[in-house]
Amino acid sequence: MKRLDEMEFAEIANIYKKIISEIINEEEFEKEKREYEKKYINFFEHINAGMKIKGGTLGRGEIKYARNIIYGWFLESLISKAISKNPKVKRIKFFGDDKSHGFFVNQDSKIEIKGPKTTEPDFLIEFHNGDNMFMELKSAAKEIFTIKKGNIEQLSKAAGFNKIPTSIIMIDLVNKTFEIKNLEYFFNARPFVNQRFEGQLCFDFPRPENPINKLCDIDISSYINNNIFNLDIVKKYILLSIAENNNLRNYIRILKNKMKLEKLIEEFDFSKEDFEIKIRDIRNKYPEVNKSWNDLENEINKEINKK
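Residues numbered from 1 in each chain as written. Predicted model: local features only at pLDDT ≥ 70, side-chain atom pairs only at ≥ 80, totals over all residues. Heavy atoms only, no water.

### Things to note about the packing of aromatic side chains
Next up, step 1: Under the counting rule described, the total for this entry stands at 14 aromatic pairs.
Next up, step 2: With a centroid separation of 5.9 Å and 10 degrees between ring planes, the pair formed by Y40 and Y71 is classed as stacked. Taken together, the residues Y40 in helix α2 (residues 26–48) and Y71 in helix α3 (residues 62–84) connect sequence positions 31 residues apart. Grouping residues by exposure puts Y40 and Y71 together as buried.
Next up, step 3: Between F95 and F134, the ring centres sit 4.6 Å apart and the planes meet at 40 degrees, which makes this aromatic pair tilted. One end of the pair, F95, is in the loop between β1 (89–94) and β2 (103–105); the other, F134, is in strand β5 (residues 132–140), with 39 residues separating them in the sequence. Across this residue pair, the class does not change: F95 and F134 are buried.
Next up, step 4: Site record: aromatic cluster; members linked through ring pairs are F9, Y16, F29, Y36, Y40, F44, Y71 and F74.
Next up, step 5: Lying across the ring of F161, K157 places its NZ or CZ 5.5 Å from the centre. (Phe/Tyr/Trp six-rings, centres within 6.5 Å; stacked < 30°, edge-to-face > 60°. Helix = DSSP H or I, 4+ residues; strand = E, 2+ residues; numbered from the N terminus. Buried < 20%, exposed > 50% of the residue type's maximum accessible area, 1.4 Å probe, protein only. Lys NZ or Arg CZ within 6 Å of the ring centre and 35° of its normal.)

### A few points about the sheet that holds strand β7 (residues 166–172)
Next up, step 1: Ordered by their spatial adjacency, 6 strands build an open sheet running β1-β4-β5-β7-β8-β11, and the pairing between neighbours is mixed. Each end of this open sheet is capped by a strand with a single partner; those strands are β1 and β11 (210–211).
Next up, step 2: Strand direction decides the pairing type here: β5 and β7, joined by 7 bridges, are parallel. Each residue of the ladder has a partner; that of F134, found in β7, is T166. (Pairing = 2+ DSSP bridges.)

### Let's talk about the packing of helix α1 (residues 9–20) against α3
Next up, step 1: Put simply, α1 and α3 touch, their axes get as near as 11 Å, and they point 20 degrees apart. The orientation of α1 relative to α3 falls into the category roughly parallel. Read as a crossing pair, α1 and α3 show a hand that is right-handed. Contact residues: F9, I12, A13, Y16 and I20 in α1; Y71, F74, L75, L78, I79 and A82 in α3. (Axes fitted to C-alpha atoms, helices over the stretch in contact; angles between N-to-C directions. Parallel < 35°, antiparallel > 145°, perpendicular 65-115°, else oblique. Left-handed = near helix turned anticlockwise from the far one by under 90°. Contact = heavy atoms within 4.5 Å.)

Below, the structure written as structure tokens:
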């Protein structure tokens, strides 16, 4: 499958329809399709008129950036409808970034995405037993399943500030499967430097194995994990939320800078460890590199003289 941002809307709609057809009927799908196709056409009318997207496009260009946004909105709506059909679920609603799924042209003639710009989970799921859970939606079209460490940190913040356990659902668009993991899974995993994301730290996500139609009957509430509220990575955000809610400005500064310091130390330690592994790998594979330059020079000269 080629990159999603290289496809036209009709191609994406066809892929999504095949993925979700066992859960959502034709009428429901066509309603969602019409809504997002209209947004797609409207978005590109502005782009073709030379308008730019406010805040930039992260180096992708207007066309690819716009496609990623709208195709993401479209998939969110479809997955939300699928989850809403699960008998354990009382209600599911959009919660995080761009939850209005809309845009407008501002006074500077730039395209501006509606909604909050903080990184928060996509969905808030309410269960019939009274429990709540945040869920972040991720998808992959190349069978490469990763999630940025920064994304995990922001989801941890949302969990801490709202006291709501959080999970991530990964959709494999190629094989029409999904997998759900709660945040604790990543707290016990080791990140890696991902060159596909400009060298950012990322986590591997387990390969999705569950057919999409299972979203209707699995116990989604079983992914709730309240243990995360006992972990330092979440507890620090709970503490920050308390300080902010009580306007304790001095402690807000202290806590934020302590978080910044810990992040720098963590990145330094990780980089140091990563380089040590690379150094060890080279030395183990090519033990001759431990020889001095003079020794290597003498050996090379001997080899040349033999000829």
